[in-house]
Each structure stands twice: as structure tokens, then as C-alpha cells.
Amino acid sequence: MPSQSASERLDSGRIYFDHSATTPLDPRVLTAMGPFLGGAFGNASSLHQEGRVARAAIETARAQVAALIGAEPEEIIFTASGTEADNLALIGATRAAITKTGKRAHVVTSAIEHAAILETCKFLAASGTAGTKITHLPVDSDGLVGPESLLRALQSNVTLVSIMAANNVVGTLQPIEELAHLTKLHGVLFHTDAVQAAGKIPLDVNQLHVDLLSLSAHKLHGPKGIGALYVRKGTQLAPIVFGGGQERGLRSATENVAGIVGFGAAAEAAREDLADEAIRLAQFRESIAAGLKRALPHFYIFGHATKRLPGHLSFGFRGQERELGRLLAALDAAGIAVSAGSACSAHHSGEPSGVLLAMGYDAVQSRGLLRVSLGRFNTRQEVDRFLERMIRIVAELDPEIEPAPADVAESAPALA
Ligand code: PLP
């Protein structure tokens, strides 16, 4: 574990707590990528030595990414992002099913998916003569999809079920194993968007019974602009990008060798560190939640109390929801990077969070979410400094609050 945090390397004193948006590169990843940004520039499709070096590096990375999720290397298709992996899963599986059956497709998803899924569903609904039928399953107040609602949806002909493994806004983990098992009993394909979950919780595609699973390197201390789709052997999938036939014909384009190598190194580092990191980050998360709760009377938490990502905390301040913009700006000025929900919806800011609305929060509460998401290089000192600054800033914005002193040095509560 490097002693100095990545955020401190970038700008000493700043505290980066927005790892659900993106993560800093792990130094091990940068070292692995180095040669492929310099002398090892070959095209992996070339037959000469330069090409063979690139091909070998890609295949090593494919095995590393496969190992993170218990897959076979040939089941990994590299894409340009998690978004593209989601598009390939949904559009690819739907097109293949329509070609095979000639019937209208039906995709079942949840109401709280990332835009990469929701917008792709909109596209599918508007494509073709009849359009694909889309069913959005509801979630409860913790953000969980109920198996009963999936069972009901499975009664009408379904092509594909797509439910995210971990939610990017509230951090809730879905019961993927149970949902996928039910889906398989109906002979239907199951996809999970595991972009937020991968590298943070153990994932095994065989234990989970999933057919398709999306990944993105930049959420696990790898480079941006590289993702992957796990495609179980035998799954029928049509390509969405056409050209030279790379990636088993499913994703044409000259491979991003440095990005793929970085993804492989990031996956390996995540696999090695996962168990210890999950405990360490969950303890930090509990310390932050306990410190804010003790000091700030209006503090409340969004998402499931235990079925959640280890280093992820989403919260609000009752009655203070309209102050969110000022609070975020004050935190940024004080050297703290956190976010209001997902980075991908930041340009729609001011809008209530669709995830919170779906969980039953009202429009005011749904505008008041702050997200703290921790990563590999965060330290206990950063957690303590964050608490001090955060409590001071919230109290300054609301003169009615007299914060209780935050005993930040107190040891973290045991994990639930
Ligand atoms: N799916 C989820 C759950 C995400 O949180 C994100 C990114 O925030 C994506 C998909 C998209 O991944 P990428 O940024 O690699 O396109």
C-alpha cells in the first residue's frame, strides 16, 4: 500500500472521495502500460514480431480480467467503455434473438439502472417496426429489486433480463445470484452491469449464473476508455460495431493495447487487494457515517444498511436539501471532492435523482443526495480531515446547527 495518497500526489491537501465517478491509476497499472505507450506500439493483428508482442500482451490481460470474475479468457470481449459493454449486451442479445425467432423482443430491467442501460432500452423501444418491449422493475426504499416482481415479468415472453450488480448512486447490491437463477429457470438470458461492483466485492460468473456482465477499467484504478463484456460460451450475440472482425467479430476496431494491458493489471491488483480493501474501506465508511450522524442532527443515509458497496456512502441532511449546490461548492473550495449522485448525470444537476424517486423519496429529498466513495489510496488521516471539514462547513451553512464535537479518532464500529 503506497504511503502517500493518490490525491495528495495530484495536489497535496486535496481529498478525493469520488471513486464511483472515476479512480486514479494504480502505479502498478501505469508501470504495466508504459511499454505499450512507447516502443511496443504494434497492431495486435499484424503477424510480425511487433504485432505478436501486442497480441501476447492482450491475451495476458484477457486472462487477468477473466480471473477477476471467474470466467474463461475467451469469454472476455474488450470494448471502449462500460457504456459500450452495456450497449453490446442489450442491443447484441436483442438483435440476435430477433434474428433467431423473428418475434418482438422484451427486455426486463430495473428502474434504477445507469443511463448506459436506460438510454439503450429507450433506443431499443424505438427501433424496428414494433420496437422492443421494455419492463422496468420497481425497487423498494433500499433500492432492492424484489424477486417476486421479476417472476411476474418472466411470465410474458422475455428475451433478456438486465439488473445492475451495484447501484452507482446509493451503492445498494442486488441479489444477482437469486435473480439470475430465477431467470435461468425460465430459459432467459441474464445480464448484469457490474461496472461499480467489480474489484470491490467478489464476483464469480458461474456462482452468479450470469450470461453477460459489463466491466469498466477506470472504476478499479485502471485507465479510462477501456471496458469489457463477459459473454458466456454459447450465448448468441450480434455485433454493434462492424469492421475487421477483432474480438471474435463482436467488437471490430484495432485494439487499444495500452488500455487493455492497463485493464489487465488493474484487474489483477484488484483481485489481490479485494478482501483487505473491502474491510478497510467499509471501516472508513462506517467512521464517516458515525461521525456525521453524531455531529449533525439532520444527517440520514440512502441505500441498504448492509447490502451495499464497502466504500460507498450516500446521504442527505433533512431540511437542507436545497443547500446541496452551496455545500458541494464549499466542500470543493475546502479541498474535498465528493459528488451529488452520479457523475454521468451531473450535467442534469438540479434534477431530482431518478434513483431516489424510484426508491420512494420525494422530489425535495431526491435533490439532496451527497455521495462519498472511497478508494485504494485513501487514508485514515483523510477520513479524519474530511469529517472535521465537512462538519464545520455544514454548520457554517446552517447557523441553526450546533455540531456536537466529532470524536474522529474514535475507532470504527465493527462491520455489520
Ligand atoms: N454502469 C455503471 C453502473 C456506471 O456507474 C458507469 C459509469 O459511471 C457505467 C456503466 C459507464 O461506464 P463507462 O464510464 O466506462 O462508460
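Everything that follows concerns the structure shown earlier in this document.
Residues numbered from 1 in each chain as written. Predicted model: local features only at pLDDT ≥ 70, side-chain atom pairs only at ≥ 80, totals over all residues. Heavy atoms only, no water.

Observations concerning the site of the ligand
Our working definition: Residues are counted as near a molecule or strand when any one of their heavy atoms sits within 4 Å of it. Identification of polar contacts relies on pairs of N or O atoms within 3.5 Å, with a donor-acceptor requirement for protein atoms, meaning one able to donate a hydrogen and the other able to accept it, and with residues adjacent in sequence counted only if both atoms are side-chain atoms. The protein chains shown are the only cover counted for residues, whose accessible areas, like all others here, come from Shrake-Rupley with a 1.4 Å probe. Think of it as three bins: nonpolar holds Ala, Val, Leu, Ile, Met, Phe, Trp, Tyr, Cys and Pro, charged holds Asp, Glu, Lys and Arg, and polar takes everything else, Gly as well.
Among the 14 residues in the neighbourhood of the ligand, the closest are listed as T83, D193, Q196, S216 and K219. A distance of 2.8 Å separates an oxygen atom of the ligand from a polar atom in the backbone of G82. In the environment of the ligand, an oxygen atom lies 2.8 Å from a nitrogen or oxygen atom belonging to the side chain of H218. The protein chains hide 90% of the 380 Å² of surface that the ligand would expose on its own. Classifying every residue of the shell around the ligand gives three nonpolar, eight polar and three charged.

Re the packing of aromatic side chains
Note the threshold: Working definition: rings of Phe, Tyr and Trp (its six-membered ring) pair if their centres are within 6.5 Å, and the pair is stacked with planes under 30 degrees apart, edge-to-face with planes over 60 apart, and tilted otherwise. Each helix is a run of DSSP H or I of at least 4 residues and each strand a run of E of at least 2, with the numbering of both proceeding from the N terminus. For every residue, the accessible area obtained with a 1.4 Å probe (protein chains only) is divided by the maximum for its type, and the residue is called buried under 20%, exposed over 50%, and partly exposed between those limits. Consider the ring centre and the ring normal. A charge sits over the ring if Lys NZ or Arg CZ is within 6 Å of that centre and within 35 degrees of that normal.
Per the counting criterion, the structure on display carries seven aromatic pairs. Relative to F315, the ring of F299 lies with its centre 5.4 Å away and its plane at 45 degrees, an arrangement referred to as tilted. With F299 in strand β9 (residues 299–302) and F315 in strand β10 (residues 312–317), the pair connects residues that are 16 residues apart, well separated along the chain. Of the two residues examined, F299 and F315, each falls in the buried class. The class for F315 is buried, based on a relative accessible area of 1%. The lysine or arginine in question, R318, covers the ring of Y300, its NZ or CZ lying 4.4 Å from the ring centre.

A few points about the sheet that holds strand β2 (residues 76–79)
Test applied: A pair of strands counts as paired when DSSP detects no fewer than two bridges linking them. Structural elements are reduced to axes, namely lines fitted to C-alpha atoms, with helices fitted over the stretch in contact, and the angle between N-to-C directions of any two is expressed from 0 to 180 degrees.
Read from one edge of the open sheet, seven strands run β2-β8-β7-β6-β5-β3-β4, paired in mixed fashion. Each edge of the open sheet carries a strand with a single partner, namely β2 and β4 (133–137). With direction set aside, neighbouring strand axes in the sheet form an average angle of 20 degrees. Looking at chain direction, strand β6 (residues 189–193) and strand β7 (residues 212–216) are connected through three bridges and run parallel.

What to know about the nonpolar core
This is how the line gets drawn: Note on terminology: a nonpolar core comprises buried Ala, Val, Leu, Ile, Met, Phe, Trp, Tyr and Cys residues joined through side-chain atoms within 4.5 Å. The contact criterion used is simple: two residues touch if any of their non-hydrogen atoms lie within 4.5 Å.
Grouped together as the largest cluster of nonpolar side chains are 70 residues, with contacts concentrated most on I69, I76, F78, V161, V210 and F263. No other element matches helix α9 (residues 257–295), which puts nine residues into this core. Sequence-distant contacts of V161, defined by excluding residues within four places in its chain, comprise V108, L150, L154, T183, V188, L189, F190 and H191. Judged by nonpolar contacts, the second largest core, of 28 residues, contains L327, I336, L387 and M390.

Details of empty space enclosed by the protein
To find leftover empty space, a probe the size of one water molecule is rolled over the atoms. We apply this condition: Buriedness for pockets is judged along seven lines, at least five of which must meet protein on both sides within 12 Å for an open set on the 1 Å grid over protein atoms alone, while cavities are sets there where a 1.4 Å probe fits but cannot get out, and lining residues have an atom within 4 Å of a point. Grid points are joined across faces, edges and corners, and a volume is the space filled by probe spheres set on the points.
The full count for this structure, using the stated rule, is four cavities of 30 Å³ or more. Considered as a void within the structure, the largest cavity measures approximately 270 Å³ in volume. Looking at the largest cavity, it is lined by 23 residues, and the ones nearest its centre are G199, K200, L281, L374 and G375. Its residues placed into classes, the lining of the largest cavity shows nine nonpolar, nine polar and five charged.

Quick look at helix α3 (residues 49–68)
What counts, and what does not: To estimate how far a helix should extend, the number of its residues minus one is multiplied by 1.5 Å.
Here α3 is 20 residues long and its end C-alpha atoms lie 29 Å apart, about the 28 Å a rise of 1.5 Å per residue gives. Turning to α3, its buried residues number three or more, namely G51, A54, A57, I58, A61, R62, Q64, V65, A66 and L68. Along its buried surface, α3 packs onto α2 (27–37), β2, β7 and α9. Just beyond α3, the residue with positive phi is G70, at close to 70 degrees.

Regarding the sheet that holds strand β12 (residues 370–373)
Taken in spatial order, the three strands make up an open sheet running β9-β10-β12, and their pairing is antiparallel. Across the chains shown, the open sheet's two edge strands, defined by having one partner strand only, are β9 and β12. Neighbouring strand axes in the sheet, compared pairwise and without regard to direction, differ in orientation by 35 degrees on average. In this sheet, β10 lies alongside β9 in antiparallel orientation, the contact comprising four bridges. What sits directly across from Y300, in β10, is G316.

What about the packing of α3 against α9?
Note the following rule: Rotating anticlockwise by less than a right angle from the far helix to the near helix defines a left-handed crossing, while the corresponding clockwise rotation defines a right-handed one.
In contact at an axis separation of 8 Å, α3 and α9 are set at 35 degrees when each is read in the N-to-C sense. When you trace α3 past α9, the crossing you get is left-handed. Residues A54, A57, I58, A61, Q64, V65, A67 and L68 of α3 lie in contact with α9, whose contacting residues are V257, I260, V261, F263, G264, A265, A267, E268, A270 and R271. Split into classes, the residues belonging to the contact of α3 with α9 amount to 14 nonpolar, two polar and two charged.

Quick look at the pairing of β10
For β10, the buried fraction is high: six of the six residues fall into the buried class. Burial along β10 is two-sided: the residues H312, S314 and G316 and L313, F315 and F317 are all buried. One ladder, built from four bridges, connects β10 with β12; its direction is antiparallel. By the bridge assignment, L313 is partnered in β12 with V372.

Thoughts on the pairing of strand β3 (residues 106–110)
The following threshold applies: When the strands point away from the viewer and the connection leading from the first strand across the helix to the second strand turns clockwise, the crossover is called right-handed.
Burial runs high along β3: five of the five residues are buried. Side chains of β3 alternate between two faces, with H106, V108 and S110 and V107 and T109 buried alike. Following the backbone out of β3, through helix α5 (residues 115–126) and into the adjacent parallel β4, one traces a crossover that is right-handed. As defined by bridge partners, β3 adjoins strand β5 (residues 160–162) across three bridges and the pair is classed as parallel. In the sheet register, V107 faces β5, and the bridge partner there is L160.

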